[in-house]
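Here is how the chains run, residue by residue.
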Amino acid sequence: SQELEQSPQSLIVQEGKNLTINCTSSKTLYGLYWYKQKYGEGLIFLMMLQKGGEEKSHEKITAKLDEKKQQSSLHITASQPSHAGIYLCGADPSGTYKYIFGTGTRLKVLA
Amino acid sequence: GAVVSQHPSRVICKSGTSVKIECRSLDFQATTMFWYRQFPKKSLMLMATSNEGSKATYEQGVEKDKFLINHASLTLSTLTVTSAHPEDSSFYICSAYGQHYSNQPQHFGDGTRLSIL
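Residues numbered from 1 in each chain as written. Chains lettered and ligands numbered in written order. Predicted model: local features only at pLDDT ≥ 70, side-chain atom pairs only at ≥ 80, totals over all residues. Heavy atoms only, no water.

Peer 1: Looking at this model, I keep getting lost on the packing of aromatic side chains. Mind explaining?
Peer 2: We describe a pair of aromatic rings using the distance from one ring centre to the other and the angle between the two ring planes. Summed over the entire model, instances satisfying the criterion amount to 11 aromatic pairs over all chains. Summarising the aromatic geometry, the rings of Tyr97(A) and Tyr97(B) are spaced 3.9 Å apart at their centres and angled 25° between planes, so their arrangement reads as stacked. Of the two residues, Tyr97(A) is situated in the loop between strand S9 (85–91) and strand S10 (100–101) and Tyr97(B) in strand S9 (residues 90–97); the pairing between them involves two chains. When its relative accessible area of 24% is taken as the criterion, Tyr97(A) is described as partly exposed. Grouping aromatic residues by their ring pairs yields a cluster made of Tyr33(A), Tyr35(A), Phe45(A), Tyr99(A), Phe101(A), Tyr36(B) and Phe108(B). (Phe/Tyr/Trp six-rings, centres within 6.5 Å; stacked < 30°, edge-to-face > 60°. Helix = DSSP H or I, 4+ residues; strand = E, 2+ residues; numbered from the N terminus. Buried < 20%, exposed > 50% of the residue type's maximum accessible area, 1.4 Å probe, protein only.)

Peer 1: Which parts of the structure should I look at to understand the sheet that holds strand S3 (residues 19–25) of chain B?
Peer 2: As a general point, the strands of a sheet are linked pairwise by backbone hydrogen bonds and lie either parallel or antiparallel. All names here are of chain B. Taken in spatial order, the 4 strands make up an open sheet running S1-S3-S8-S7, and their pairing is antiparallel. On the outer flanks of this sheet lie strand S1 (4–7) and strand S7 (67–73), each paired with one strand and no other. Mean inter-strand twist for the sheet, computed between neighbouring axes without regard to direction, equals 15°. Looking at chain direction, S7 and strand S8 (residues 76–81) are connected through 5 bridges and run antiparallel. By the bridge assignment, Asn70 is partnered in S8 with Thr78. (Pairing = 2+ DSSP bridges. Axes fitted to C-alpha atoms, helices over the stretch in contact; angles between N-to-C directions.)

Peer 1: How should I be thinking about the pattern of salt bridges in this particular structure?
Peer 2: Pairing is possible between side chains that carry opposite charge, provided their charged atoms lie close to one another. Residue and element names in this part refer to chain A. The final tally for this structure, using the stated rule, is 5 salt bridges over all chains. Notably, a salt bridge pairs Lys56 with Glu54, separated by 3.7 Å at the nearest N-O pair. You can call Lys56 partly exposed: its relative accessible area is 28%. Ionic pairing is found between Lys64 and Glu55, a salt bridge with its closest N-O pair at 3.9 Å. The exposure class assigned to Lys64 is partly exposed, which follows from its relative accessible area of 42%. (Salt bridge = Lys/Arg side-chain N within 4 Å of Asp/Glu carboxyl O.)

See below:
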């Protein structure tokens with residue numbers, strides 16, 4: 001079965017710093033989703049990547065999917081306290097919308 | 001705005017009680033909905049797939065008699081935690097597949113925090 005491993009598990013950065021979160025899959029990805037979650041709340045959709053080498057940006061967040069489609073990175077530029085939360089990568093291994101999720105990365109941004 | 005509504009957002013009840021959680025798709029019909037469970041500081045784990053008009057399919061290790069799923073209409077799926085015990089305390093999230101949303105095919109509810117005393 002396919003597994004998603006995220007790194008780092010947790011991250012504390014000073015406001016204004018850049019940071020990167022990685023998501024590595026044990027198998028080729030046919031679609032990779034990034035979500036943000038505040039503790040005890042639902043998921044906020046950030047981006048979907050499907051093609052090898054694809055890169056998408058939204059405000060200060062950029063996500064990339066590597067050419068081999070086994071690794072994705074999420075980069076936040078000039079982080080703000082509002083970026084704090086849990087970042088989850090997700091995938092749909094069987095194409096049936098049964099998502100699997102990565103282990104999660106907890107981000108704290110210090111003001 | 002939200003396209004999937006989950007209710008209640010929080011519930012606290014005594015051990016032995018059965019608790020029902022509702023998941024509604026607001027803007028679209030969802031023949032398939034999913035139920036996830038999240039343990040503290042852990043990722044989401046798929047529990048079951050809810051199919052409109054037919055039985056739910058459960059992931060390995062999930063007790064179907066403990067977690068009853070009903071998908072009686074194209075916009076509503078319910079998860080009932082029967083005879084809940086403290087170990088059932090968790091965060092439960094539903095999602096619904098909307099085929100017309102190509103950029104974001106799955107929409108998630110805001111989750112339900114279940115606490116069993």
